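Take a look at the letters that make up each chain.
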Amino acid sequence: MGEEDYYLELCDRPVHFEKANPVNCVFFDEANKQVFAVRSGGATGVVVKGPDDRNPISFRMEDKGEVKCIKFSLENKILAVQRTSKTVDFSNFIPDSSQLEYTQECKTKNANILGFCWTSSTEIVFITDQGIEFYQVLPEKRNLKLLKSQNINVNWYMYCPEGAVILLSTTVLGNVLQPFYFRAGTMSKLPKFEIELPSVPKSTKLNLSERDIAMATIYGQLYVLFLRHHSRTSSSTGAEVVLYHLPREGACKKMHILKLNRTGKFALNVVDNLVVVHHQDTETSVIFDIKLRGEFDGTVTFHHPVLPARSIQPYQIPMAGPAPVTSQSPVPCKLYSSSWIVFQPDIIISASQGYLWNLQVKLQPIVNLLPDKGRLMDFLLQRKECKMVILSVCSQMLSESDRATLPVIATVFDKLNHEYKKYLDAEQSYTTALEAGQSRSSPLLKRPVRTQAVIDQSDMYTHVLSVFTEKDMPHKFVIAVLMEYIRSLNQFQITVQNSSGPGPPWPLLWCRWVIGKRALLPSLSSALLTRARHQDAGPAQSLLYAASVLAVPCSQRLQAFGLFALIPRKFLPSCPPAVSGYAEATLDCK
């Protein structure tokens with residue numbers, strides 16, 4: 001397969017660190033997305049690297065035993081190191097601050113520390129097998145202050161730094177999960193919930209493993225993802241991923257089920273709001289988009305993969321070493337290796353190879369893998385870097401070789417203008433609030449963010465329609481497309497722009513194109529008259545309105561062809577109203 005067949009890839013600038021070996025231990029901090037390479041317990045050096053770190057952090061620390069966990073606080077101000085099951089050691093990395101270590105022992109008697117999580121630059125949580133302890137670190141005093149604690153039997157824990165939520169596995173089976181939310185020095189206990197196991201357990205041992213649970217933010221909402229290796233229904237084969245929505249307030253609720261239709265070893269990532277499921281046995285991955293329409297049974301929505309399963313694009317590892325050595329050919333990376341470790345949302349680490357990658361989605365290959373243009377547009381409009389791909393799809397569907405039908409073109413225009421209208425309305429609401437005296441600094445007033453999903457008239461003119469009208473296309477089809485775009489703008493009550501930047505006004509340019517096609521005018525007149533008779537003259541009005549403000553000779557030419565005579569005056573207002581429908585029937589275009 002060529003590069004155009006792969007829709008997933010590893011980033012081209014990974015974090016490279018020293019491989020794990022008997023002397024060098026590797027740790028990953030999920031909050032700061034940093035890799036720690038600890039040699040000889042830190043005595044011979046600790047190197048910290050992250051995807052956004054321009055300069056790695058290097059230091060040494062006294063070897064006081066095996067390091068179980070090591071993490072910086074947010075902003076890298078304080079280092080915490082766990083070497084025993086009872087205590088955590090701290091060191092300040094603040095300028096002009098004491099470098100001496102200070103230690104905090106867990107408060108609960110006979111408890112063992114399972115791990116810890118930084119929730120801010122000076123707040124940390126100890127998770128023990130008997131509960132949770134929330135501390136404030138006081139670096140100047142070199143001690144900690146207990147803010148809050150909660151006693152609960154804990155099997156394992158998971159932390160989602162994006163949502164500031166810690167999830168604790170409780171009960172004998174481990175399938176009752178207790179979430180805690182942290183913010184600005186407070187710890188809130190959220191309602192606990194139960195994960196539905198595939199079948200009734202035959203024993204009373206731990207049945208839910210942390211390997212089968214992930215937490216991630218998808219479309220701004222926090223979800224708990226459960227990889228259920230066997231469906232609860234006998235009629236369904238294969239594993240599935242169950243998504244539980246975890247709100248700030250209210251109970252956790254099962255919302256989505258992703259059907260994998262296969263069994264084996266899986267791993268999960270979330271990239272650009274897409275759930276990516278890796279399958280080690282076949283060395284392929286599939287993606288799911290919970291915003292796309294699925295099958296709703298009244299309780300949950302079932303989803304199938306958006307695209308056929310594909311491998312991650314082959315990756316070449318450059319040879320490390322002196323300059324003469326690096327000129328050698330790069331070595332192919334073993335994808336889906338058993339040494340890969342996956343972290344949320346998009347991290348893949350190979351400790352044996354010494355690399356940390358961010359997983360990325362490639363949109364352009366998806367264009368040819370998803371033939372349904374409406375569904376493709378629904379998919380692309382939710383992606384971060386979508387604008388140029390969407391515009392290329394629009395150009396493609398208007399090309400001679402891949403020409404779409406007018407109903408499909410109308411659907412695409414409507415989906416684009418729906419997003420365009422939402423942004424215009426949000427911008428108008430923001431402006432109105434400012435004019436009403438509301439302060440810009442108000443937390444309730446936020447200027448709408450213009451995402452790449454907003455395709456305005458200037459974008460369409462520059463990248464699609466101006467190029468389209470210059471091609472040697474069937475004249476009726478060109479007229480139909482131009483009328484269709486104006487019809488869609490009218491339907492969403494978007495004012496047709498009179499200008500498009502430094503170039504000529506594009507509605508006027510279209511009219512000039514029509515005027516230049518003398519043979520078109522009988523067809524155009526017929527189309528406009530048909531719309532007028534059916535009380536659906538919106539696009540006709542827009543074109544005629546634009547034509548009427550052209551230079552006088554052009555207007556005279558239109559009148560000479562009888563175009564104005566064919567359209568009743570009541571359908572020639574100064575501003576076209578909103579209408580619906582498309583032009584296929586009137587223009588007999590396919």
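For the structure, check the block above.
What counts as what
- Residues numbered from 1 in each chain as written.
- Predicted model: local features only at pLDDT ≥ 70, side-chain atom pairs only at ≥ 80, totals over all residues.
- Heavy atoms only, no water.
- Helix = DSSP H or I, 4+ residues; strand = E, 2+ residues; numbered from the N terminus.
- Buried < 20%, exposed > 50% of the residue type's maximum accessible area, 1.4 Å probe, protein only.
- Contact = heavy atoms within 4.5 Å.
- Areas by Shrake-Rupley, 256 points an atom, 1.4 Å probe, with all protein chains shown as cover.
- Salt bridge = Lys/Arg side-chain N within 4 Å of Asp/Glu carboxyl O.
- Pairing = 2+ DSSP bridges.
- Axes fitted to C-alpha atoms, helices over the stretch in contact; angles between N-to-C directions.
- Phe/Tyr/Trp six-rings, centres within 6.5 Å; stacked < 30°, edge-to-face > 60°.
- Bend = angle between axes of the 7 residues up to and from the residue.
- Polar contact = N/O pair within 3.5 Å; in protein donor to acceptor, adjacent residues only side chain to side chain.

Visitor: Can you help me understand the overall build of the protein in this one?
Guide: The secondary structure content of the protein amounts to 13 helices and 33 strands. Taken across its 590 residues, the protein has 51% of its residues classed as buried. Across the protein, every contact between residues at least 6 apart in sequence was considered, and the portion connecting residues at least 24 apart equals 53%. Carbon and sulfur atoms provide 51% of the accessible area of the protein, an area that totals close to 28,100 Å².

Visitor: Please clarify how unusual backbone geometry should be interpreted in this entry.
Guide: For residues other than glycine, phi is negative in most cases, and the peptide bonds are mostly trans. Residue proline 345 is bonded to the preceding glutamine 344 through a cis peptide linkage, with omega at 0 degrees. Along the chain, proline 345 falls in the loop between β31 (340-343) and β32 (347-350). Phi is positive for arginine 142, which is not a glycine, with a value near 55 degrees. Positionally, arginine 142 belongs in the loop between β13 (131-138) and β14 (143-151). When its relative accessible area of 31% is taken as the criterion, arginine 142 is described as partly exposed. With phi around 55 degrees, alanine 164 is a residue other than glycine that occupies positive phi space. By the secondary structure assignment, alanine 164 is in the loop between β15 (156-160) and β16 (165-170).

Visitor: When you look at the pattern of salt bridges in this model, what are you seeing that I'm missing?
Guide: Once the charged atoms of two side chains with opposite charge are near each other, the side chains can pair. Here the structure, examined in full by the defined rule, presents 22 salt bridges. Residue glutamate 18 is joined to arginine 39 by a salt bridge in which the shortest nitrogen-to-oxygen separation is 2.4 Å. With glutamate 18 in the loop between β2 (15-16) and β3 (24-29) and arginine 39 in strand β4 (residues 34-39), the pair connects residues that are 21 residues apart, well separated along the chain. Classification of glutamate 18 as partly exposed rests on a relative accessible area of 33%. In this structure, aspartate 272 engages arginine 383 in a salt bridge whose closest nitrogen and oxygen atoms are separated by 3.7 Å. Of this pair, aspartate 272 sits in the loop between β24 (266-271) and β25 (274-279) while arginine 383 sits in the loop between α3 (373-380) and α4 (387-397), and the two are 111 residues apart along the sequence.

Visitor: Sorry, what's going on with the sheet that holds β13 here?
Guide: The pairing of strands in a sheet happens through backbone hydrogen bonds and is either parallel or antiparallel. The 4 strands lie next to each other as β11-β12-β13-β14, forming an open sheet whose pairing is antiparallel. Strands with a single pairing partner mark the edges of an open sheet, and in this sheet they are β11 (113-118) and β14. Ignoring which end each strand starts from, the neighbouring axes of this sheet average 20 degrees apart. Sheet topology note: the β11/strand β12 (residues 123-128) ladder contains 5 bridges and is antiparallel. Across the sheet, cysteine 117 pairs through a bridge with valine 125, a residue of β12.

Visitor: Help me understand the environment of glutamate 419 in this model?
Guide: Its location among the elements puts glutamate 419 in helix α5 (residues 406-435). With 38 residues separating them in the primary sequence, glutamate 419 and leucine 381 have C-alpha atoms 8.3 Å apart. Residues in contact with glutamate 419, not counting those within four places in the same chain, are Leu381 and Ala453.

Visitor: What's the story with the environment of alanine 426 in this structure? I'm lost.
Guide: Mapped onto the fold, alanine 426 is located in helix α5. The spatial distance from the C-alpha of alanine 426 to the C-alpha of valine 449 is 9.2 Å, given a sequence separation of 23 residues.

Visitor: Sorry, what's going on with the packing of aromatic side chains here?
Guide: Where two aromatic rings form a pair, the distance of their centres and the angle of their planes describe that pair. On inspection of all chains with the given rule, the structure shows 16 aromatic pairs. The interplanar angle of 50 degrees and the centroid separation of 6.0 Å between the aromatic rings of tryptophan 340 and tryptophan 357 together place this pair among those described as tilted. Of this pair, tryptophan 340 sits in strand β31 while tryptophan 357 sits in strand β33 (residues 355-361), placing them 17 residues apart in sequence. No difference in accessibility class separates tryptophan 340 from tryptophan 357, as the two residues are buried. Measuring from centroid to centroid gives 5.5 Å for tyrosine 355 and tryptophan 357, while their planes differ by 10 degrees, and the two rings are stacked. The exposure classification of tyrosine 355 matches that of tryptophan 357, with both residues buried. Site record: aromatic cluster; members linked through ring pairs are Tyr315, Tyr336, Trp340, Tyr355 and Trp357.

Visitor: Hey, could you run me through the sheet that holds strand β22 (residues 240-245) in this one?
Guide: The strand order β20-β21-β22-β23-β28-β27 describes an open sheet built from 6 strands, whose pairing is mixed. Strand pairing shows two members of the sheet lacking a second neighbour, β20 (213-218) and β27 (295-296), which therefore form its edges. Bridging between β27 and strand β28 (residues 301-303) involves 2 bridges; their strand directions are antiparallel. Following the sheet pairing, glutamate 295 is matched in β28 by phenylalanine 302.

Visitor: What's the story with the pairing of β3 in this structure? I'm lost.
Guide: Where β3 lies against β4, 6 bridges are found, and the strand directions are antiparallel. Across the sheet, residue phenylalanine 28 finds its bridge partner in β4, namely valine 35. The antiparallel hairpin formed by β3 and β4 contains 4 residues in its connecting segment, where lysine 33 sits at a positive phi of about 55 degrees.

Visitor: Would you explain helix α6 (residues 457-470) in this entry?
Guide: Note that an α-helix has 3.6 residues per turn; residues three or four places apart therefore point the same way. Bending of α6 peaks at approximately 35 degrees at the position of valine 464. Taken together, the buried positions of α6 are Gln457, Asp459, Met460, Tyr461, Val464, Leu465, Ser466, Phe468 and Thr469. Among the residues of α6, the N-terminal cap falls to aspartate 456, whose side-chain oxygen and the backbone nitrogen of serine 458 are separated by 3.1 Å.

Visitor: Got a minute to help me understand the side chain of glutamine 313 in this structure?
Guide: By the secondary structure assignment, glutamine 313 is in the loop between β28 and β29 (316-317). We classify glutamine 313 as buried; its relative accessible area is 12%. Within the structure, glutamine 313 has its side chain in polar contact with the side chain of lysine 362 (distance 2.4 Å).

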